[in-house]
There are 2 protein chains.
Amino acid sequence: MHILITGAAGMIGRKLTDALVARGTLQGQPITGLTLVDIVAPVLPDGVPGAAIAADLSDPAAANALIEARPDVIFHLAAIVSGEAEADLHKGYAVNLHGTISLCDAITREEDYCPRLVFTSSIAVFGAPLPEVIPDDQPTLPLTSYGTQKAMGELMISDLSRRGFMDGISLRLPTICIRPGKPNAAASGFYSSILREPLAGQEAVLPVPDTTRHWFASPRAAVGFLLHAAELDLAQLGQDRALSLPGVNATVADEIAALERIAGPAATALIRREPDETIAGIVAGWPEAFDPARARALGFKAEPDMDTIIRAHIEDELGGHITIKERGAD
Amino acid sequence: MHILITGAAGMIGRKLTDALVARGTLQGQPITGLTLVDIVAPVLPDGVPGAAIAADLSDPAAANALIEARPDVIFHLAAIVSGEAEADLHKGYAVNLHGTISLCDAITREEDYCPRLVFTSSIAVFGAPLPEVIPDDQPTLPLTSYGTQKAMGELMISDLSRRGFMDGISLRLPTICIRPGKPNAAASGFYSSILREPLAGQEAVLPVPDTTRHWFASPRAAVGFLLHAAELDLAQLGQDRALSLPGVNATVADEIAALERIAGPAATALIRREPDETIAGIVAGWPEAFDPARARALGFKAEPDMDTIIRAHIEDELGGHITIKERGAD
């Protein structure tokens, strides 16, 4: 079982790598090779057979070189985030569209080869006007270049799967929360930072109203989605290989209430409300909630509530330790 | 007013060229240059200022060279048909996807440039399961590589229009009927040939049941759609720059009844029923009818019925002359 992960140096890529190494198997077979690729060389864990490669996938030669090794399963995570794709048109199309096209094209040029491809798409393929709860047959109408590039990738992966060149699936990940580490260029960053910073005893800025509703899954759930997608019988999906995924439907007020239940009022007191019309405007066009019936029927599982998302962060990132609690929040 | 037409050597491209030359103006301005491009050099009508160029648009250098001249209006018709895109995967993606991407990319690299782009998409962006009448918010779920490539182009054109790099529109043309000349590689060819051949006194083969229903517009209506799209205020479309168009909703039986009304029973007697399960299977996944409310509200007009489509063919292709009638059909 040879596995290729693109975007392996990113947050989800690193967690997926760790999860695969911890399991040691995929699809019931031992993992005998792990190729990690990103624009900067990822770190291959000690004692794991494989390679860590710095490469630009939008260069067809780089994609061809990776695919010549004929990996059995490909996790295609490489992307630049929405804020950067909007700020730099040509970089966004190069990485998010041409990266995917080059990889797909390289796969079609190998003879008698049909790898499992798990592609991280996004709920950004949907844009306003949207119903309060988005059904599985909602048309994709992106309002960002990032969402456009992901929707184009979904179409190509469905087509090449129908034609037997790959066995592909596109996962429309919920907004990842709590994203560990430093904020990135995503406009959605505050959804994580209003929980992450107070849990670490630090101030956070909330730029939107408390009534703002959105769709979340933890990094742990995201890795679970990817592994489940790699092992699922995809013939069940039929022609449409793109799936909206389960998540937690929560308002900012729900996030804050869960934070207070877990870390007390001293934590929520660290959230400073600084309305930002630009961010509020971007967020207003985003999906609020989904009814991902297809994905649920296929066994994809997210957290049941925001409390569970916060506890997963405390376990996975903080060693079970909340700074704020020790400061006497209870 | 400088106009660029890609795919100008094709049937619609030639008719559009003739219509533009006959009008002499577009958007109220005199046409001062007409650049015609196709994989084989198109024919520039006598006395018209412009150029006829043989070029492969999937080569970015070719696209850049065409766009450097900064045409005001671009009709992007270049494509290979569904049958060929299915038979030759790489040629289909090269012409139908990379041709469109190269053109779009070249446009974004010109400074202070925002041309009108009219892109011929197709009802093949929709695939089964479909409702009997397809609404404007039907999700695009293509069942062919051709439909996939067109749907991907639609997404990119909507995004680049939102960002101000072009003022684009994608027209999902109905199946063109009666297509003049020889049959092409399209599986839809019989819809035209069961009318075209009998009108010329020749036999035609019908491979599907008479109850098969589909969505049609004449070549004359298609040219009308393109010209209307070139002159319309596209800000009215909002973010979604792809439009399903009006057409004639008719069964094969409706086609045959209209043929009999116009050319008599001797014409319909020339239709030979030879069921073909492969073609019937392909056609079964296609749209049957649309409710193109947005396009109607924007003033797009198709023929009212199949009789009018047949009469347009007799006027435009046969000089008003029906062979079969002279043979005593009435």
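Residues numbered from 1 in each chain as written. Chains lettered and ligands numbered in written order. Predicted model: local features only at pLDDT ≥ 70, side-chain atom pairs only at ≥ 80, totals over all residues. Heavy atoms only, no water.

### Digging into the domain arrangement of chain A
All names here are of chain A. Taken domain by domain, chain A holds domain 1 (2-174 + 219-244) and domain 2 (189-215 + 248-289 + 303-326). Between the C-alpha centres of domain 1 and domain 2 the distance comes to 28 Å. In total, domain 1 and domain 2 occlude about 1000 Å² of area from one another, counting both sides; carbon and sulfur atoms represent 53% of this. Contact with domain 2 buries area across many residues of domain 1, yet Ile123, Glu132 and Arg220 alone supply 45% of it, more than any other trio. Viewed at the interface, domain 2 and domain 1 are joined by three salt bridges. Linking Glu315 and Arg220 is a salt bridge whose minimum nitrogen-to-oxygen distance equals 2.9 Å. Our enumeration of links across domain 1 and domain 2 arrives at six residue pairs in polar contact (both at pLDDT 80 or more). The set of elements that each furnish at least two residues to the side of domain 1 that touches domain 2 consists of β8 (133-134) and α7 (219-231). (Domains from an automatic or database assignment. Buried area = accessible area lost by both parts, 1.4 Å probe. Salt bridge = Lys/Arg side-chain N within 4 Å of Asp/Glu carboxyl O. Polar contact = N/O pair within 3.5 Å; in protein donor to acceptor, adjacent residues only side chain to side chain. Helix = DSSP H or I, 4+ residues; strand = E, 2+ residues; numbered from the N terminus.)

### Side note on the interface of chain B and chain A
How big an interface is tends to be expressed through the accessible area that disappears when the partners come together. Listed by partner, the interface residues are 32 residues for chain B and 32 residues for chain A. Buried area between chain B and chain A, summed over both chains or domains, comes out near 2700 Å², and the portion from carbon and sulfur atoms is 63%. Along the contact surface separating chain B from chain A lie four salt bridges. A salt bridge links Arg163(A) to Glu86(B), with the shortest nitrogen-to-oxygen separation between them at 3.9 Å. Put simply, chain B and chain A have 18 residue pairs in polar contact (both at pLDDT 80 or more) between them. Looking at the side of chain B that touches chain A, the elements with two or more residues in it are α3 (82-87), α4 (89-109) and α5 (145-162) of chain B. Tallied by class, the residues present in the side of chain B that touches chain A amount to 15 nonpolar, nine polar and eight charged. (Contact = heavy atoms within 4.5 Å. Nonpolar A, V, L, I, M, F, W, Y, C, P; charged D, E, K, R; others polar.)

### What about empty space enclosed by the protein?
Residue and element names in this part refer to chain B. Within the structure shown, the criterion is met by four cavities of 30 Å³ or more. In this structure, the largest cavity spans a volume of roughly 60 Å³. Forming the boundary of the largest cavity are Lys15, Cys177, Ile178, Pro180, Ser218, Pro219, Arg220, Ile309, Ala312, His313, Asp316 and Glu317. Of all the secondary structure elements, the ones that give two or more residues to the lining of the largest cavity are α7 (219-231) and α12 (306-317). (1 Å grid on protein atoms, 1.4 Å probe; cavity = no way out; pocket = protein on both sides within 12 Å on 5 of 7 lines; lining within 4 Å. Points joined across faces, edges and corners; volume = space filled by probe spheres on them.)

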